[in-house]
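Residue-level listing of the chains:
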Amino acid sequence: MSQPDPDAWRTQVRQWLATVLEPARAPEAAAEAADLAVFHNLPEDEERLLLERCRAYQRARFDAGYQALTLPVDKGGAGLTAAHVAVFAQEESAFEVPPSTELISVTVRLVAMAVSLFGTDEQLHEHARAFLRTDLLACQLFSEPGAGSDLAGVRTRARQEGGGGTFRSSEAESGGEWVIDGQKVWTSGAQFADYGLLLARTDPDVVKQAGITAFLVPMDAPGVEVHPIRQMSGGASFNEVFLSGVRVPDRLRIGRPGQGWEVATTTLAFERTASGSGNRRKGGTFTDVLALARSLDRTADPLVRQRLADLYVRAALRAATVDRVARTSASGGRPGPEASLTKLMASDLLTRTGQVAAELLGARISADTGEPGTFAWTQHLLGAPGYRLAGGTDQIQRNLIGERVLKLPPEPRVDRAPFSQLPGN
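This one's a predicted model, so the numbers in the text were calculated from it and none came from an experiment.

## Side note on the packing of helix 3 (residues 44-63) against helix 6 (residues 121-133)
When two helices pack together, their arrangement is captured by the angle between the axes and the distance separating the axes.
Thinking step 1. Interaxial distance between helix 3 and helix 6 falls to 8 Å at its minimum, and their mutual angle equals 120 degrees. Considering their axes alone, helix 3 and helix 6 lie oblique with respect to each other. Of helix 6, the residues touching helix 3 (which contributes Gln-58, Arg-59, Phe-62 and Asp-63) are Arg-129, Leu-132 and Arg-133.

So, in structure tokens, the structure goes:
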């Protein structure tokens, strides 16, 4: 299929965006009205209204053919190139796009991609399209209390009913049901999700990465309980999810039995690419810090100017790296370990942005005096540390870059034995 010329396509995109969105506000006005929270801190009714605004735009984008631009046509995407992705992002930045949420990002950019790449024809038709259009919302049931950075250590179990026990991955048969027991944690948007993409151990007698299978779990299934986790910023956008005897039909298994680790690593690579991208605003930006410095009449201070310049350069470098990695990922189909670089740069930039804002504000950041744009920065400061953990810790990202990009010797591993023989199992 021939590709449309990116420049001609740009005009088409701009005309369509003008029919569904308002032009972007001036930087100063946008900074004044910006939400500086890294993670949302909204009452449930306001969160639902925000989700509906986001879904309306995602549905319009899907219906117009602008969703999943680089995903092949037979997988439900537009089948375009990375150049078209860059063009769309540039044009979209000139408009007021509804502020997205973690749940929307997970649904469209993670779960929809995983189902599209690993799902059956039935799953593509029934679920992938619905996730891409946000007709259905999906959370990510990966992390556990004892399996965060070491995600391959998941202990949530799934047994295929019919043999009286856990089937080996190589022996599992199609059909029937899986019974799932376990606990997940740090799940964004679980209280609003229709499905969860879950990792469960289906074979404990092989090395830990080989015995994991992925499933789509209906969040309203009997035995699923969602409990909010209160964050230090005051919000409760994360949850812990308990699964007790949850029955899932085999038709909701994603990929082959034992292929869950491949599904997970591919999904996490998309997450790291999205984490470093400009697709969703997370916390304060350089523009917000610059507006703050101007409002405090600090831009003439040479030390402040140096800090602002450093922040600007880092933001520009991150944006350039995001563009380069996105182009590489899009042209190759799946993002590789270099996606860890964008995630690492994003968490570093968030931390530095908060530090500069705190230096400018001094004591005013610790109490709400009524001055606009001051105490609101606490939402950024209290949320930024969590972003160093989301999508894989900074330390894990450095390991991935060192081992898979720079080809440095891997760290010593003591967990090569079958999972059931490892300590604690």
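Having seen the structure, we can now continue with the description.
## Thoughts on a nonpolar patch on the surface
Thinking step 1. There is a patch of nonpolar side chains on the surface, built from Met-232, Leu-381 and Leu-382 and spanning about 260 Å² of accessible area.
Thinking step 2. Taking the relative accessible area as the measure of exposure, Met-232 reaches 60% and is therefore exposed.

## Considering the environment of Arg-201
Thinking step 1. With respect to the helices and strands, Arg-201 occurs in strand 4 (residues 195-201).
Thinking step 2. On the accessibility criterion, Arg-201 (0% relative accessible area) is buried.
Thinking step 3. Counting along the chain gives 218 residues from Arg-201 to Phe-419, while the straight-line C-alpha distance between them is 9.5 Å.
Thinking step 4. The residues contacting Arg-201, other than those within four sequence positions of it, are Ala-152, Gly-153, Val-154, Thr-156, Arg-157, Ala-158, Lys-208, Gly-211, Ile-212 and Phe-419.
Thinking step 5. A polar contact is formed between the side chain of Arg-201 and the backbone oxygen of Val-154, at a distance of 3.0 Å.

## A look at the nonpolar core
Thinking step 1. The biggest cluster of nonpolar side chains holds 57 residues, and the ones touching the most others in it are Ile-180, Phe-215, Leu-216 and Val-217.
Thinking step 2. Top contributing element to this core by residue count: helix 5 (residues 102-118), with 11 residues.
Thinking step 3. Counting residues in each nonpolar core, the second largest holds 17 residues, with Val-289, Leu-290, Ala-293 and Leu-308 among its members.

## Quick notes on the confidence of the model for the chain
Thinking step 1. For the chain, the mean per-residue pLDDT works out to 86, and 88% of the residues sit at or above 70.
Thinking step 2. Counting interchain partners and residues more than four positions distant, the pLDDT-below-50 stretch residues 163-172 has 23 contacts.
Thinking step 3. Low pLDDT, under 50, characterises residues 272-279; the predicted model gives this stretch 25 contacts beyond four residues in sequence or across chains.

## Comments concerning helix 5
Thinking step 1. Compared with the 24 Å implied by 1.5 Å per residue over 17 residues, the 22 Å span of helix 5 between its first and last C-alpha is a close match.
Thinking step 2. At Ala-112, helix 5 is deflected by roughly 30 degrees, the largest bend along its length.
Thinking step 3. Counting buried positions over the 17 residues of helix 5 gives 15, a clear majority of the element.

## Some points on the packing of helix 1 (residues 6-20) against helix 4 (residues 82-92)
Thinking step 1. Two elements in contact, helix 1 and helix 4, have axes whose closest approach is 9 Å; the angle formed by their N-to-C orientations is 35 degrees. For helix 1 against helix 4, the interelement crossing comes out right-handed. Side by side, helix 1 and helix 4 meet where Pro-6, Trp-9, Arg-10, Val-13, Arg-14, Trp-16 and Leu-17 of the first sit next to Ala-83, His-84, Val-87, Phe-88, Gln-90, Glu-91 and Glu-92 of the second.

## Some thoughts on the packing of aromatic side chains
Thinking step 1. Inspection of every chain in the model, using the stated rule, returns nine aromatic pairs.
Thinking step 2. Pairing Phe-131 with Tyr-195 gives two aromatic rings, centres 6.1 Å apart and planes at 80 degrees, and the pair type is edge-to-face. Of this pair, Phe-131 sits in helix 6 while Tyr-195 sits in strand 4, and the two are 64 residues apart along the sequence. Comparing Phe-131 with Tyr-195 shows no difference in burial state: the two are buried.
Thinking step 3. Each member of the aromatic cluster is reached from another via a ring pair, and the members are Trp-9, Trp-16, Tyr-57, Tyr-66 and Phe-88.

## Comments concerning the side chain of Asp-203
Thinking step 1. Tracing the sequence through the fold places Asp-203 in the loop between strand 4 and strand 5 (212-218).
Thinking step 2. Within the local environment of Asp-203, its side chain forms a polar contact with the backbone nitrogen of Asp-205, the two atoms lying 3.0 Å apart.

## Some details on the pattern of salt bridges
Thinking step 1. Taken as a whole and assessed by the stated rule, the structure comprises 21 salt bridges.
Thinking step 2. In this structure, the salt-bridge partner of Arg-307 is Glu-359, at a minimum N-O distance of 2.8 Å. Of this pair, Arg-307 sits in helix 9 (residues 302-332) while Glu-359 sits in helix 10 (residues 339-361), placing them 52 residues apart in sequence.
Thinking step 3. Several salt bridges converge on common partners, so that one network encompasses Arg-59, Asp-63, Arg-133 and Asp-135.

## Brief notes about the pairing of strand 4
Thinking step 1. Buried residues dominate strand 4, accounting for seven of its seven residues.
Thinking step 2. Residues Tyr-195, Leu-197, Leu-199 and Arg-201 of strand 4 are buried on one face, and the alternating residues Gly-196, Leu-198 and Ala-200, pointing to the opposite face, are buried as well.
Thinking step 3. Sheet analysis places strand 1 (residues 138-141) next to strand 4, joined by four bridges and oriented parallel. The residue bridging Leu-141 from the neighbouring strand is Leu-198, located in strand 4.
Thinking step 4. Across seven bridges, the pairing between strand 4 and strand 5 is antiparallel. Within strand 5, the residue paired with Arg-201 across the bridge is Ile-212.

Rules used throughout
Residues numbered from 1 in each chain as written. Predicted model: local features only at pLDDT ≥ 70, side-chain atom pairs only at ≥ 80, totals over all residues. Heavy atoms only, no water. Axes fitted to C-alpha atoms, helices over the stretch in contact; angles between N-to-C directions. Helix = DSSP H or I, 4+ residues; strand = E, 2+ residues; numbered from the N terminus. Parallel < 35°, antiparallel > 145°, perpendicular 65-115°, else oblique. Contact = heavy atoms within 4.5 Å. Patch = residues over 30% accessible without salt bridge, like charges linked within 9 Å, V, L, I, M, F, W, Y side chains within 5 Å. Areas by Shrake-Rupley, 256 points an atom, 1.4 Å probe, with all protein chains shown as cover. Salt bridge = Lys/Arg side-chain N within 4 Å of Asp/Glu carboxyl O. Buried < 20%, exposed > 50% of the residue type's maximum accessible area, 1.4 Å probe, protein only. Polar contact = N/O pair within 3.5 Å; in protein donor to acceptor, adjacent residues only side chain to side chain. Core = buried A, V, L, I, M, F, W, Y, C linked by side-chain atoms within 4.5 Å. pLDDT = per-residue confidence, 0-100. Expected span 1.5 Å × (residues − 1). Bend = angle between axes of the 7 residues up to and from the residue. Left-handed = near helix turned anticlockwise from the far one by under 90°. Phe/Tyr/Trp six-rings, centres within 6.5 Å; stacked < 30°, edge-to-face > 60°. Pairing = 2+ DSSP bridges.

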